[in-house]
Amino acid sequence: RLADIDFSRLQPEKVRNDEALFFTLATSALVEAATTHYASNLIEYYSGDAKLATWLRAQWQPEELQHGAALRAYVEAVWPEFSWERAFGGFYPEYSAACTQEELEPSRALEMAARCVVETGTSTLYQTIHDYADEPVLREITARLKSDEVRHFSYFYEAYRHYCAENGRPPRWQVARAILRRVLEAFDDDGDIAFR
C-alpha cells in the first residue's frame, strides 16, 4: 500500500537531475494509473471464468492501480513541477481509444501468454530501476512493484496452462505472434502515448 512507503527517507538530490529516470517513472506511472480501462476489457473478456475475473477485479487491478499511485507520488515528490493532471489528461483519452477489447488476443490462452510477457517486462523494468537507482525510497518502491509483477506473472501463467489443458495448446507460431505483438504494442502504443 502507498501508506506503507516511508517518504520521509526520500533523498531527491540523488535522482532529481536524472532526466531518463524521470521519463521512465512518469511514463510507467501513467500506464499503471490507466489500468482500470485495460482491466475492464480483461474482466469482460474472461467473464465466463468466474475465478479469473474475480482475481482480476479484486487483486490484479487494485495492485496495478497502487503501482500507479506509488510511482505518481514519487514523481510528484521528486519533480514537483511536473503536472500530473495535465499529463494524464493528455495521455488517457488517446490510450483508452487505442486500448480496446478488439486488441486482445483471439483466444483466452493466447491473451494469458501475452499477459505473461507484459508482467515479465514490467518486473524486469522495476528490477532494472531498483539496481540502477541509489535512492532508498525508489529502491523500496521498485522492489515491491517487482514482487507484485512476478506474482502476477505466476497467476497468468497458471491461467495459460489451465486454458491449454482445457482447450488444447495453441500452435507455437500463434503463441510467438501473440508475444511479439504484445512486445511491439508496449513500444508503439502504451509507452509511446505515455512518453509523448
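Values in this document were obtained by computation on a predicted structure and should not be read as measured data. (Residues numbered from 1 in each chain as written. Predicted model: local features only at pLDDT ≥ 70, side-chain atom pairs only at ≥ 80, totals over all residues. Heavy atoms only, no water.)

Caption draft 1: Region of interest: the overall build of the protein chain. Broken down by element type, the protein chain carries seven helices and zero strands. Starting at the N terminus and ending at the C terminus, the protein chain contains elements arranged as α-α-α-α-α-α-α. The C-alpha radius of gyration computed for the protein chain amounts to 17 Å, which stays within 12% of the reference 16 Å derived for 196 residues, consistent with globular compactness. In terms of overall dimensions, the protein chain has C-alpha extents of about 55 × 30 × 30 Å along its principal axes. Residue burial in the protein chain is summarised as follows: out of 196 residues, 44% are buried. In the protein chain, the proportion of contacts linking residues at least 24 apart, taken out of those at least 6 apart, comes to 85%. Accessible surface, the protein chain as shown: approximately 10000 Å² in total, 55% of it carbon and sulfur. For the protein chain, the distance from the average site of its 21 positive side-chain charges to the average site of its 32 negative ones is 5 Å. (Helix = DSSP H or I, 4+ residues; strand = E, 2+ residues; numbered from the N terminus. Rg over C-alpha atoms; globule rule 2.2 N^0.38 Å. Buried < 20%, exposed > 50% of the residue type's maximum accessible area, 1.4 Å probe, protein only. Contact = heavy atoms within 4.5 Å. Areas by Shrake-Rupley, 256 points an atom, 1.4 Å probe, with all protein chains shown as cover. Lys, Arg positive; Asp, Glu negative; His and termini not counted. Charge placed at Lys NZ, Arg CZ, Asp CG, Glu CD.)

Caption draft 2: Geometry of the side chain of Asp49. Considering the arrangement of structural elements, one finds Asp49 in the loop between α2 (35–45) and α3 (50–78). One buried charge, Asp49, has no salt-bridge partner; the nearest side chain with opposite charge is Arg108, at 5.1 Å. With residues up to four places along the chain from it excluded, the contact list for Asp49 reads Arg108 and Tyr163. (Salt bridge = Lys/Arg side-chain N within 4 Å of Asp/Glu carboxyl O.)

The quantities given are spatial measurements derived from coordinates; they are silent on function.
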